[in-house]
Number of protein chains: 2
Amino acid sequence: MATGKRAPAGAAVLRGDITKAIRDAVMTELAEVGYGRLSIEAVARRAGVGKTAIYRRWSNKLEMVLEIVSDVAGRSVPLPDTGSFAGDLQLLLMIVGKALQHRIASQIIPDLMAEASRNPQIAETLQKALRTHQQAVGDKLIGQAVARGELPAGTDPDLAVDLLLGPLYWRLAVARTPLPDDYLDKMIVAVTAALKAAN
Amino acid sequence: MATGKRAPAGAAVLRGDITKAIRDAVMTELAEVGYGRLSIEAVARRAGVGKTAIYRRWSNKLEMVLEIVSDVAGRSVPLPDTGSFAGDLQLLLMIVGKALQHRIASQIIPDLMAEASRNPQIAETLQKALRTHQQAVGDKLIGQAVARGELPAGTDPDLAVDLLLGPLYWRLAVARTPLPDDYLDKMIVAVTAALKAAN
């Protein structure tokens with residue numbers, strides 16, 4: 001695991017492998033023990049690297065966790081144009097429903113949100129990642145529907161994403177109530193009517 | 001602070017005072033350090049009581065935190081009948097908006113949700129409190145609107161609460177984006193149209 005001087009050709013690959021091992025270890029530790037109890041020692045042990053490999057990349061625990069989580073959380077959702085607003089909504093709700101069952105949404109984000117209320121730097125970084133992400137999804141989704149003539153120009157993309165994401169987040173990540181069979185179909189009808197009315 | 005044998009007349013009052021001091025200390029410690037780092041010692045110190053006063057009431061940290069938080073979270077929202085669905089929604093959104101800025105929603109619930117994913121007992125207790133609460137609010141809100149003839153019979157109270165609570169929870173407690181001035185008015189129009197369409 002040493003990034004020694006004797007392996008110049010493979011060094012970049014090896015550095016990438018080590019970074020990936022550390023990232024995976026951080027995500028697993030965050031899910032298992034939470035930010036408060038996460039230690040650099042435990043991350044190094046799990047990743048099979050020395051602590052120096054970590055300190056070479058990040059100067060402290062906060063910086064390490066923020067960079068890794070905001071990178072994972074901010075990865076863009078693939079949002080292909082299905083040809084209709086109803087189709088786009090169905091796809092988005094499925095993607096979001098699946099994402100909310102991932103440990104990032106169910107464990108790591110709530111944990112960091114709790115830390116965020118005690119640490120403005122965590123708050124700002126997470127909020128920026130979430131907002132950038134939400135805006136990109138909203139602009140694409142509503143832009144397509146307006147271009148197709150399915151929604152009036154001026155429909156609020158932020159309200160649209162709030163109405164889609166909020167109920168699912170509340171159900172799946174907070175109250176953890178199973179979705180009834182017809183829930184997503186009802187949501188599509190409900191949100192479409194809501195956006196037309198609120199314009 | 002001693003609940004000694006020499007004060008039988010005031011003992012019940014004193015016990016209540018001590019319990020209240022412990023409850024307040026638990027809520028403050030939860031907000032400041034989170035569940036993971038909360039210690040019985042720190043709660044006792046903050047409440048100005050001995051550790052035995054705590055162990056007389058709860059057998060461990062988990063039991064103590066669950067009872068106190070689910071009691072506070074489950075307190076019923078006062079939901080008077082304003083005479084119209086729009087009025088009821090406006091009142092409810094104001095109450096929810098205010099509640100979401102309370103540390104229970106912004107710090108303690110996210111923290112416990114993160115713990116819940118590692119501890120089924122926390123998960124079950126919290127979910128039960130949230131669901132019972134949500135159902136009570138939904139049944140009252142939608143029941144009133146149906147009785148007034150403002151919504152069709154069979155309107156889904158759970159969907160209604162999800163559509164109201166979800167977006168505000170997402171905005172205020174997760175993404176922490178300020179609400180635009182016309183946000184609540186738009187939400188009232190949007191949710192009313194959504195519920196009529198999804199029925």
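Residues numbered from 1 in each chain as written. Chains lettered and ligands numbered in written order. Predicted model: local features only at pLDDT ≥ 70, side-chain atom pairs only at ≥ 80, totals over all residues. Heavy atoms only, no water.

## Side note on the packing of aromatic side chains
- In total, this model carries 3 aromatic pairs over all chains according to the counting rule given.
- Each ring, one from A:Y169 and one from B:Y169, has its centre 6.3 Å from the other, and the planes form 25°; the classification is stacked. Within this pair, whereas A:Y169 is found in helix α8 (residues 157-175), its partner B:Y169 is found in helix α8 (residues 157-175), the two belonging to separate chains. Take A:Y169 and B:Y169: they sit in the same class, and that class is buried.
- The interplanar angle of 65° and the centroid separation of 5.2 Å between the aromatic rings of A:W170 and B:Y169 together place this pair among those described as edge-to-face. With A:W170 in helix α8 and B:Y169 in helix α8, this pair bridges two chains. Taken as a pair, A:W170 and B:Y169 share a single burial class, namely buried.
- Feature note: the residues A:Y169, A:W170, B:Y169 and B:W170 constitute an aromatic cluster, connected by ring pairs.
- Here the basic side chain of A:K61 rests over the ring of A:Y35, its NZ or CZ set 4.5 Å away from the ring centre. (Phe/Tyr/Trp six-rings, centres within 6.5 Å; stacked < 30°, edge-to-face > 60°. Helix = DSSP H or I, 4+ residues; strand = E, 2+ residues; numbered from the N terminus. Buried < 20%, exposed > 50% of the residue type's maximum accessible area, 1.4 Å probe, protein only. Lys NZ or Arg CZ within 6 Å of the ring centre and 35° of its normal.)

## So, the packing of helix α5 (residues 85-99) of chain A against helix α7 (residues 120-147) of chain A
Residues and elements named next belong to chain A.
- Running from N to C, α5 and α7 point in directions that differ by 160°, and their axes come no closer than 9 Å. Overall, the two elements α5 and α7 adopt an arrangement that is roughly antiparallel. Between α5 and α7 lies a crossing of right-handed hand. Together, F85, D88, L89 and L92 of α5 and V137, L141, I142, Q144 and A145 of α7 make up the contact between the two elements.
- Its residues assigned to classes, the contact of α5 with α7 comprises 7 nonpolar, 1 polar and 1 charged. (Axes fitted to C-alpha atoms, helices over the stretch in contact; angles between N-to-C directions. Parallel < 35°, antiparallel > 145°, perpendicular 65-115°, else oblique. Left-handed = near helix turned anticlockwise from the far one by under 90°. Contact = heavy atoms within 4.5 Å. Nonpolar A, V, L, I, M, F, W, Y, C, P; charged D, E, K, R; others polar.)

## Focus on unusual backbone geometry
- A positive phi is found at A:R176, a non-glycine position, where the angle reads about 50°.
- Here A:R176 is to be found in the loop between α8 and α9 (183-198).

## Describing the domain arrangement of chain A
All names here are of chain A.
- When cut into domains, chain A gives domain 1 (11-61) and domain 2 (74-198).
- For domain 1 versus domain 2, the distance between C-alpha centres works out to 30 Å.
- If you look at the interface, domain 1 gives 7 residues, while domain 2 gives 8 residues.
- Buried area between domain 1 and domain 2, both sides added, is near 670 Å², and the carbon and sulfur share of it is 64%. (Domains from an automatic or database assignment. Buried area = accessible area lost by both parts, 1.4 Å probe.)

## Re the relation of the copies chain B and chain A
- You can overlay chain B on chain A at an RMSD of 0.0 Å; the transform is a turn of 180° with a shift of 0.0 Å along its axis. When the rotation and shift are considered jointly, the pair of chain copies conforms to a two-fold rotation axis.
- A shared interface surface links the copies, since 100% of the contact residues of chain B are contact residues in chain A too. (Least-squares fit on C-alpha atoms with pLDDT ≥ 70 in both.)

## Structural notes on the interface of chain B and chain A
- Listed per partner, the contact involves 47 residues of chain B and 47 residues of chain A.
- With a closest N to O distance of 2.5 Å, A:D162 and B:R171 form a salt bridge.
- Inspection of the chain B/chain A interface yields 10 residue pairs in polar contact (both at pLDDT 80 or more).
- Going through the elements one at a time, α1 (11-37), α6 (103-116), α7 (120-147), α8 and α9 (183-198) of chain B are the ones with two or more residues in the side of chain B that touches chain A.
- Take the side of chain B that touches chain A: its biggest share by element is 13 residues, from α8(B). (Salt bridge = Lys/Arg side-chain N within 4 Å of Asp/Glu carboxyl O. Polar contact = N/O pair within 3.5 Å; in protein donor to acceptor, adjacent residues only side chain to side chain.)

## Side note on empty space enclosed by the protein
- Within this structure, the stated rule accounts for 5 cavities of 30 Å³ or more.
- Here the largest cavity defines a volume of roughly 90 Å³.
- Together, 16 residues line the largest cavity, and A:G36, A:D111, B:G36, B:D111 and B:E115 are the ones closest to its centre.
- Elements that contribute at least two residues to the lining of the largest cavity include exactly α1 (11-37) and α6 (103-116) of chain A together with α1 and α6 of chain B.
- Residues belonging to the lining of the largest cavity are distributed by class as follows: 4 nonpolar, 4 polar and 8 charged.
- By volume, the second largest cavity amounts to about 60 Å³. (1 Å grid on protein atoms, 1.4 Å probe; cavity = no way out; pocket = protein on both sides within 12 Å on 5 of 7 lines; lining within 4 Å. Points joined across faces, edges and corners; volume = space filled by probe spheres on them.)

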